[in-house]
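Below, each chain spelled out in residue letters.
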Amino acid sequence: MSATDRSPLFERAAQGVRGLHPYEPGMPIDELQRRLGVADVIKLASNENPLGPGDKVRAALAESIDQSNLGLYPDGGGFRLKQRISRFHDIEPGRITLGNGSNDILEFSARVFLNPGRAAMFSAYAFAVYPIVTQAQGARAIVVPARPPDDAMPYGHDLEAFAKALDDEVALVFIANPNNPTGTWLTPDSIEAFLARVRPHTLVVLDEAYQEYLDPDLRPDSRGLLDRYPNLVVTRTFSKTYGLASLRAGYGLSSPEIADLLNRVRQPFNVNSLALLAAEAALDDQAHVERSVALNTAQMLRLRKELEAMKLTILPSQANFLTIGFGCDSAPIHQGLLERGLIVRPMGSYGLPQFLRVTVGTEAQNTRFLDALKAVLAR
Ligand SMILES: *Cc1c(COP(=O)(O)O)cnc(C)c1O
């Protein structure tokens, strides 16, 4: 719709919302199956765990359906899940905010700390939700240039540049470690050094959606950081390694004061009963996490080797996806893969039109991806 077609009602929408470009999700499997008329479409586009949830989650969900409590509102305080998370991280329940996905926590942080006249800071090529929640509040986005393509951590966050760009207008800083869509990561030392330079009235959100995939030697002591920096929120999700993306559960850890603020803008029943139950069972099944991480490590190594043999550029990744550079517009390659029943993520909306992001799948899924990619590139 052109600007002149817009009704007076559109003009009354909140300032930030009028200029908003909503998140574009990948194509759903069903839609591509209908288009192609085939049944075996594979989606490697949204970094879900290809194994899905573990057996403990499946059992807990099956049992809960039998008890048919779906007619009742969920526990709005999430008492049991908070108790479980509290034990898992050795943190008081009053320092936990539950979210309908960790996306909720990112949004609460923006709603609490941003409005017109304030700014949020994040890296170029960072998670697409940061600019959306910033814009929705009518706040300014300060997009910090990423590390250069020939750096050891190409397109990664440059925390030195973040620190230099901080000023009084900045109310909120988003850091993703590892980052999506690049897979790049930050050293624990660089994160702490940055936090030490942020003024205490500026909130820092450390988004750890892929934390479980990080090599243990590279993991920051986020729990310790929370005690040293009362202006820090650490977010975690059940959508990635825990395999619960469709149920929507995540959480934020922070000081009690920030948790209180975040909880003020949360809708009363934001996490549904099945998600609460499944998340609790998922935390109890660390063997499934280990299995999922081991599969990812082995298959990522294999994918990287084969893609390198095809002379493609692969960004360093400590997550469950690889971002692949083709040295030319990747749109025709994306299209060719779709025609072969493979959904991967184009990177044009992230400003990386020569790249595609591919989630690491099961061994069989990755074989199909590699075969399809070879066929497309040979055209
Ligand atoms: C997937 C993802 C999230 C979380 O998504 P939820 O499903 O809402 O928990 C958060 N941050 C990044 C960087 C992600 O890639």
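This section reports on the structure supplied with the text.

Side note on the nonpolar core
Inference 1: V173, I175, F194, L232 and F238 are the most contacted members of the largest nonpolar core, which has 54 residues in total.
Inference 2: Among the elements that line this core, the one with the most residues is helix 12 (residues 273-283), at eight residues.
Inference 3: For F238, the contacting residues outside a window of four places in its chain are L81, G243, L244, A245, A249, G250, Y251, A279, A282 and L283.

So, the pairing of strand 10 (residues 321-325)
Inference 1: Across the five residues that make up strand 10, a large majority, five, are buried.
Inference 2: Here strand 10 shows two buried faces, one formed by F321, T323 and G325 and the other by L322 and I324.
Inference 3: In this structure, strand 9 (residues 313-314) lies alongside strand 10, joined through two bridges in antiparallel fashion. Residue pairing for strand 10: T313 is matched across the bridge by G325.
Inference 4: Counting the residues in the hairpin turn of strand 9 and strand 10 gives six residues.
Inference 5: Here five bridges tie strand 10 to strand 13 (residues 355-359), and the two strands are oriented antiparallel to one another. Opposite G325, over in strand 13, you have F355 as the bridge partner.

Things to note about the side chain of H288
Inference 1: Summarising the element assignment, H288 is placed in helix 13 (residues 286-309).
Inference 2: The exposure class of H288 is buried, given its relative accessible area of 6%.
Inference 3: When residues no more than four places from it in sequence are discounted, the contact partners of H288 are N49, L51, G52, P53 and G54.

Some remarks on the layout of surface pockets
Inference 1: Empty space within the largest pocket amounts to approximately 700 Å³.
Inference 2: Forming the walls of the largest pocket are 36 residues, and the residues nearest its centre are Y23, N103, F127, K240 and R248.
Inference 3: Mapped by element, the contributors of at least two residues to the lining of the largest pocket are helix 6 (102-113) and helix 7 (129-136).
Inference 4: Residue contributions to the lining of the largest pocket peak at six residues, all from helix 6.
Inference 5: Looking at the lining of the largest pocket residue by residue, the class counts come to 17 nonpolar, 10 polar and nine charged.
Inference 6: Estimates place the volume of the second largest pocket at around 430 Å³.

Side note on the sheet that holds strand 4 (residues 140-144)
Inference 1: Read from one edge to the other, the open sheet built from seven strands follows the order 2-8-7-6-5-3-4, with strand pairing classed as mixed. Unpaired on one side and paired on the other, strand 2 (96-99) and strand 4 mark the two borders of the sheet. Mean inter-strand twist for the sheet, computed between neighbouring axes without regard to direction, equals 20 degrees.
Inference 2: Bridge count between strand 6 (residues 203-207) and strand 7 (residues 232-237): four bridges; the pairing is parallel. Following the sheet pairing, D207 is matched in strand 7 by T235.
Inference 3: Its contacts with the sheet place helix 5 (residues 79-89) against strand 2, strand 7 and strand 8 (250-253), and it is angled at close to 125 degrees to strand 2.
Inference 4: Contacts from helix 7 reach strand 3 (119-123), strand 4, strand 5 (170-176) and strand 6, with the element oriented near 160 degrees to strand 5.

Some remarks on the packing of helix 5 against helix 12
Describing two packed helices takes the angle between their axes plus the distance from one axis to the other.
Inference 1: Their axes nearest at 9 Å, the elements helix 5 and helix 12 cross at an angle of 25 degrees. Considering the angle they form, helix 5 stands roughly parallel to helix 12. Every pair of crossing elements has a handedness; the one defined by helix 5 and helix 12 is left-handed. Contacts between helix 5 and helix 12 involve R80, L81, R84, I85 and F88 from the first element and L276, A279, E280 and L283 from the second.
Inference 2: Partitioning the contact of helix 5 with helix 12 into residue classes produces six nonpolar, no polar and three charged.

Some details on the site of the ligand
Inference 1: Near the ligand, the surroundings consist of G101, S102, N103, F127, N180, D207, A209, Y210, T237, S239, K240 and R248.
Inference 2: Taking S102, its main chain carries an N or O atom lying 2.7 Å from an oxygen atom of the ligand.
Inference 3: Here an oxygen atom of the ligand and a side-chain polar atom of S239 are 2.5 Å apart.
Inference 4: Its free accessible area being 390 Å², the ligand has 93% of it covered by the protein chains.
Inference 5: Comparing atom positions with the cavity grids shows the ligand to sit within the largest pocket.
Inference 6: Of the residues belonging to the shell around the ligand, the class tally is three nonpolar, six polar and three charged.

Rules used in this analysis
- Each chain carries its own residue numbering, running from 1 in the written order of its sequence.
- Only residues with pLDDT of at least 70 are given local features in this predicted model, and only at 80 or more are side-chain atom pairs given and counted; all residues enter the totals for whole chains, interfaces and linings.
- Heavy atoms from the whole structure form the basis of all side-chain values; hydrogens and water molecules are not counted.
- We define the nonpolar core as a collection of buried residues of types Ala, Val, Leu, Ile, Met, Phe, Trp, Tyr and Cys that are connected through side-chain atoms lying within 4.5 Å of one another.
- Each residue is placed in one exposure class: buried if its accessible area under a 1.4 Å probe, protein chains only, is under 20% of its type's maximum, exposed if it is over 50%, and partly exposed if it falls in between.
- Numbering of helices and strands starts at the N terminus; helices are DSSP runs of H or I of at least 4 residues and strands are runs of E of at least 2.
- It only takes one pair of heavy atoms within 4.5 Å for two residues to be counted as in contact.
- Here, strands pair whenever DSSP counts at least two bridges between them.
- Only protein atoms enter the calculation, which uses a 1 Å grid: trapped sets of points that fit a 1.4 Å probe without letting it out are cavities, open sets showing protein on both sides within 12 Å along at least five of seven lines are pockets, and any residue with an atom within 4 Å of a point is a lining residue.
- Grid points are joined across faces, edges and corners, and a volume is the space filled by probe spheres set on the points.
- In this classification, the charged set is Asp, Glu, Lys and Arg, the nonpolar set is Ala, Val, Leu, Ile, Met, Phe, Trp, Tyr, Cys and Pro, and all remaining amino acids, among them Gly, are polar.
- For helices, the axis comes from a line fit to the C-alpha atoms of the stretch in contact; other axes are also lines fit to C-alpha atoms, and the angle between any two N-to-C directions lies between 0 and 180 degrees.
- The scheme is simple: roughly parallel for angles under 35 degrees, roughly antiparallel for over 145, roughly perpendicular for 65 to 115, oblique for anything else.
- Handedness of each helix crossing follows the sense of rotation of the near helix against the far helix: counterclockwise by less than a right angle gives left-handed, clockwise gives right-handed.
- A single heavy atom is enough: if one lies within 4 Å of a molecule or strand, its residue is considered near that molecule or strand.
- Pairs of N or O atoms are called polar contacts if they sit within 3.5 Å, as long as, within protein, a hydrogen donor faces a hydrogen acceptor (for residues adjacent in sequence, only side-chain-to-side-chain pairs).
- For every accessible area listed, the method is Shrake-Rupley and the probe measures 1.4 Å; residues are considered covered only by the protein chains on display.
- Occupancy of a cavity or pocket is assigned to a molecule whenever over half of its atoms lie within 2 Å of that pocket's grid points.

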